[in-house]
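A look at the structure
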Amino acid sequence: MKRLVTFASALAILVRVGAALGDVDPSATYAIEAVRSEGLERTDPETITELLPRGLPASFSGAELVELRRRIKNLALFDQVDVEPEGKTLVVRVRRKFTISPIVDLSTGKTLADSKVTLGAVQHDLDGHGTRLGGKASYSERGLNFTAWLYEHPYRPRSWAREQEIYYAGSGVRFEGADAGHKWHRNRFGAEVELLSPSLYTTKWRYEFQLNAYQETLTAASGPSQPRDGTYLGTASELVYDRYTWNDLTPKGFRGSLELRPGVFVGAAEPRHEARLKVIAGVPLGDKTVLMFNANASAVNGGNPNHSALLGSQAGVRGLPDSLYRNRSQVYGNLELRHALEIAHRWYLQGVLFTDAAVFEPMNARGSVTSGLSAWSTGAGLRLLPTALVDTLLRADLARIHTPLSTWFVQLGINQYF
């Protein structure tokens, strides 16, 4: 009899859970007059209502409520999100992350000089509306870099968002082979302002427009072929397709973007145009297992290696030399199979199998294209992942690069490779 009561109680719990999971019918319509949020803490309740496709009171389809949950999840402020209609009230229950995060990025390169080290901090919810304020200093591309930014999140369906950034970017430019005697340090000081269109429920597309300007100078230059100093003025138009749902363990869906960046380098009356294509996709294979894919393609007009696409171990193919291949065009892709095990409350150990591949057209010191190359590596890694923190983990990857060279490579980092 006791076992029967226990079974009946368990069955009742399963029925209640099933009802909760089935409360949102994508084909149904729900009349909602109010939203009640639980667990927001410092986040303003208006942050949630701003994500609705229409102001209250209003009727919403079940599909719109499913989309609302995706948008709340993509704010990356919460590691648990539930959206459930209760009568004419929409109940949103979340579990908040700690939103002030240090930026302590470490990613080793092929040599000590090619390592990347970053120190900074970001408040992911500055105003209670998901606005991010951050600043960081880093050593990367064999140079010092400084950046400060203020970003509004891009998921509001009824208003534009804005991103603002100022930066100094240093980069050590070097070559191999016949041009090994050419090298210099490229310095850029600039600012960007970007406007992001409303993220409408009726379409998966979003438009972004950017203004960008920087002053570029060269220091520590050697060799007869040295680009001139000058000022860059340009714009960027980006078309984004977004059906991607962020998750610490199992991201899912697809996001792709096409970016066109026309511009001019005033000092040398030189066109500086660029096209970029980016893709990220996740296919969950279980509640803690996911197959992840990342791809990036870019092309620029030739003639100046300071205006190029950069490929290496930091972004591209693990095991490839950094700050060396400055390309007129490049395409690279990364494929990872990730599986996580829970080792403590909100702590996971994630194992990864990966492969990276690329094809690219390097430039020489005069900006002329040399023979095309390909790169390929395979490997495995581990991540120690605390889900209570935003975008922070410990990563160790062991890669074997097979072409254009053959060697082992170990990379350490404190965020996912992509």
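What you see is a predicted model, and the numbers here were worked out from it, not measured in a lab.

**Observations concerning the environment of Thr250**
Looking at the element boundaries, Thr250 is found in the loop between strand E13 (230-245) and strand E14 (252-261). Assessed through its relative accessible area of 14%, Thr250 is described here as buried. Sequence separation between Thr250 and Val283 is 33 residues, and the spatial gap between their C-alpha atoms is 7.9 Å. Other than its neighbours up to four places away in sequence, Thr250 contacts Pro284, Gly286, Asp287, Lys288, Thr289 and Val290.

**Things to note about the pairing of strand E4 (residues 78-86)**
Here eight bridges tie E4 to strand E5 (residues 89-96), and the two strands are oriented antiparallel to one another. Opposite Glu86, over in E5, you have Thr89 as the bridge partner. Between E4 and E5, which pair antiparallel one after the other, the connecting turn spans two residues, and Gly87 there sits at a positive phi close to 65 degrees.

**A look at the packing of aromatic side chains**
Inspection of every chain in the model, using the stated rule, returns seven aromatic pairs. Centroid distance Phe146 to Tyr168: 6.1 Å. Interplanar angle 35 degrees. Geometry classified as tilted. One end of the pair, Phe146, is in strand E9 (residues 143-151); the other, Tyr168, is in strand E10 (residues 161-174), with 22 residues separating them in the sequence. Residue classification places Tyr168 among the partly exposed positions, given a relative accessible area of 23%. Between Trp205 and Tyr241, the aromatic rings sit 5.1 Å apart at their centres with planes inclined by 70 degrees, giving edge-to-face as the arrangement. Taken as a pair, Trp205 in strand E12 (residues 205-222) and Tyr241 in strand E13 lie far apart in primary sequence, 36 residues in all. The structure contains a cluster of three or more aromatic residues connected by ring pairs, namely Trp205, Tyr241 and Phe254. For Arg318, the ring lying beneath its charged end belongs to Tyr417, and the centroid distance is 3.9 Å.

About the thresholds
Residues numbered from 1 in each chain as written. Predicted model: local features only at pLDDT ≥ 70, side-chain atom pairs only at ≥ 80, totals over all residues. Heavy atoms only, no water. Helix = DSSP H or I, 4+ residues; strand = E, 2+ residues; numbered from the N terminus. Buried < 20%, exposed > 50% of the residue type's maximum accessible area, 1.4 Å probe, protein only. Contact = heavy atoms within 4.5 Å. Pairing = 2+ DSSP bridges. Phe/Tyr/Trp six-rings, centres within 6.5 Å; stacked < 30°, edge-to-face > 60°. Lys NZ or Arg CZ within 6 Å of the ring centre and 35° of its normal.

Functional significance is not addressed by these values, which are geometric in nature.
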